[in-house]
Amino acid sequence: MASAKYLNLAWKALHTPQGRAVARKATETIADAGNRITKNKYETQIAQGRAAVLKHFSDPEPKRKGPFKRR
């Protein structure tokens, strides 16, 4: 049950303004590193992934259906 507690805390932290800023910065850094490592071979796929993450964190806080449950 402790894992569900930590998932809830992480979800709440990521959906604060500071958490969103950190997630956006991390996304940019990781995408740039991926492009450098692959020498831009997968630039299109990396750009699509970056856009999806940035879109998720630019939207207002999403509504959750309930707390995370342990499987």
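Up top is the structure.
Here the residue index of a chain counts from 1 through its sequence in written order. Predicted model: local features are reported for residues with pLDDT of at least 70 only, side-chain atom pairs are reported and counted for 80 or more only, and whole-chain, interface and lining totals are derived from all residues. Each side-chain value is derived from all of the structure's non-hydrogen atoms; neither hydrogens nor water enter the calculation.

Caption draft 1: Region of interest: the pattern of salt bridges. What counts as a salt bridge is simple: a side-chain nitrogen of Lys or Arg found within 4 Å of a carboxyl oxygen of Asp or Glu. Scanning the entire structure with this criterion turns up two salt bridges. Two residues, Asp32 and Arg50, come together in a salt bridge whose shortest N-O distance is 3.2 Å. In this pair, Asp32 is assigned in helix α2 (residues 17-37) and Arg50 in helix α3 (residues 43-58), connecting sequence segments 18 residues apart. A network of salt bridges, in which partner residues are shared, links Glu28, Asp32 and Arg50. Helix and strand definitions here come from DSSP, where helices need a minimum of 4 consecutive H or I residues and strands a minimum of 2 consecutive E residues; each element is numbered from the N-terminal end.

Caption draft 2: Structural detail: the environment of Arg24. Turning to its location among the elements, Arg24 is positioned in helix α2. Between the C-alpha atoms of Arg24 and Lys55, which are 31 residues apart in sequence, the distance is 9.7 Å. Whether two residues are in contact is decided by their heavy atoms: any pair within 4.5 Å suffices. Those residues in contact with Arg24 that lie beyond four places of it in its chain are Leu54 and Phe57.

Caption draft 3: Spatial organisation of α2. To estimate how far a helix should extend, the number of its residues minus one is multiplied by 1.5 Å. Counted at 1.5 Å a residue, the expected span for α2 with its 21 residues is 30 Å, and the 30 Å between its end C-alpha atoms agrees. Among the residues of α2, those classed as buried are Gly19, Arg20, Ala23, Thr27, Ala31, Gly34 and Asn35. Seen from one end, α2 has its buried residues packed into an arc of 130°, which puts them on one side. With respect to the buried face of α2, the exposed residues turned more than 90 degrees away are Gln18, Val22, Lys25, Arg36 and Ile37. Contact partners of the buried residues in α2: α1 (2-14) and α3. Exposure classes here rest on a 1.4 Å probe applied to the protein chains alone. A residue is buried below 20% of its type maximum, exposed above 50%, and partly exposed in between. Directions pointing from the helix axis toward each C-beta atom define the arc.

Purely geometric numbers; function is a separate question.
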